[in-house]
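Coordinate analysis (summary)
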Amino acid sequence: MNRSVSKVHLTALKISQRIFDVRRFVFSLETLLRHREDLEQKEKDELMKKNHRLQTEIHHRNGLASKYFETMKELARSRTGGVDARELDLYSLYAKRLTCEIGRSEQRLEELREQVQEQKQAVVEASKKRKVLASLKARKEREFFSELEKQEQKDVDDLVVTRFVPKTGSRD
């Protein structure tokens, strides 16, 4: 009887030690996951900057187009108003310069759109790499807690079995 009581106490002691010795989940690739999260954030920040440059260029091009249309209106009014040829030439030169600037702005817009598309792809790739590690971490964490739960259940079962061990001796 002394053996069974000491065995029960020993098992209870082991379980209480496990309760107080709470095991923590540690992901071995946590540093890499954080690094990939940082890279993804940097790619997103770069995308935001490129989108801002694109929007700024669109605004610039729209301003040039507005100036061009205003210049053309003034040129049409000047032709009907009887303005001298020198002033008409100045309007024409200014309109040509605006046309060239609009063309250059369109080229820059195309380049910026390509850069934005490339950056979107870089963000997608960085996101995929991060998600792979995040899903691996989630799976490992589920496995860890499942194993921990199984161990706890085994400890409880061991405690129950050792506590209710039939006493040796006669029951007569």
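Note: the structure precedes this text.
What you see is a predicted model; the values in this text were computed from it and never measured. (Residues numbered from 1 in each chain as written. Predicted model: local features only at pLDDT ≥ 70, side-chain atom pairs only at ≥ 80, totals over all residues. Heavy atoms only, no water.)

As a further point, take the overall build of the protein. Assigned secondary structure in the protein consists of three helices and zero strands. Starting at the N terminus and ending at the C terminus, the protein contains elements arranged as α-α-α. Burial statistics for the protein: of 172 residues in total, 23% are counted as buried. As displayed, the protein offers around 13,600 Å² of accessible surface, 54% of which is attributable to carbon and sulfur atoms. (Helix = DSSP H or I, 4+ residues; strand = E, 2+ residues; numbered from the N terminus. Buried < 20%, exposed > 50% of the residue type's maximum accessible area, 1.4 Å probe, protein only. Areas by Shrake-Rupley, 256 points an atom, 1.4 Å probe, with all protein chains shown as cover.)

Here the focus is the environment of K50. As for its placement among the helices and strands, K50 is situated in helix α2 (residues 30–81). K50 sits in the buried class, given a relative accessible area of 15%. Along the backbone, K50 and Q115 are 65 residues apart, and their C-alpha atoms lie at a distance of 7.2 Å. Aside from chain neighbours lying at most four places away, what touches K50 is Q115, V116 and Q119. (Contact = heavy atoms within 4.5 Å.)

In this section: α2. A rise of 1.5 Å per residue sets the reference length of α2, with its 52 residues, at 76 Å; its end C-alpha atoms lie 76 Å apart and thus fit the reference within 8%. Following α2 by one or two positions, G82 has its phi on the positive side, about 75°. (Expected span 1.5 Å × (residues − 1).)

What follows covers the pattern of salt bridges. In this structure the tally under the stated criterion is 13 salt bridges. Salt-bridge contacts for E40 lead to R130; the nearest nitrogen and oxygen are separated by 2.4 Å. With E40 in helix α2 and R130 in helix α3 (residues 85–163), this pair connects stretches of sequence that are 90 residues apart. Classification of E40 by relative accessible area gives buried; the value is 6%. A salt bridge links R61 to E106; the shortest N-O distance between them is 2.7 Å. Taken as a pair, R61 in helix α2 and E106 in helix α3 lie far apart in primary sequence, 45 residues in all. When its relative accessible area of 31% is taken as the criterion, E106 is described as partly exposed. (Salt bridge = Lys/Arg side-chain N within 4 Å of Asp/Glu carboxyl O.)

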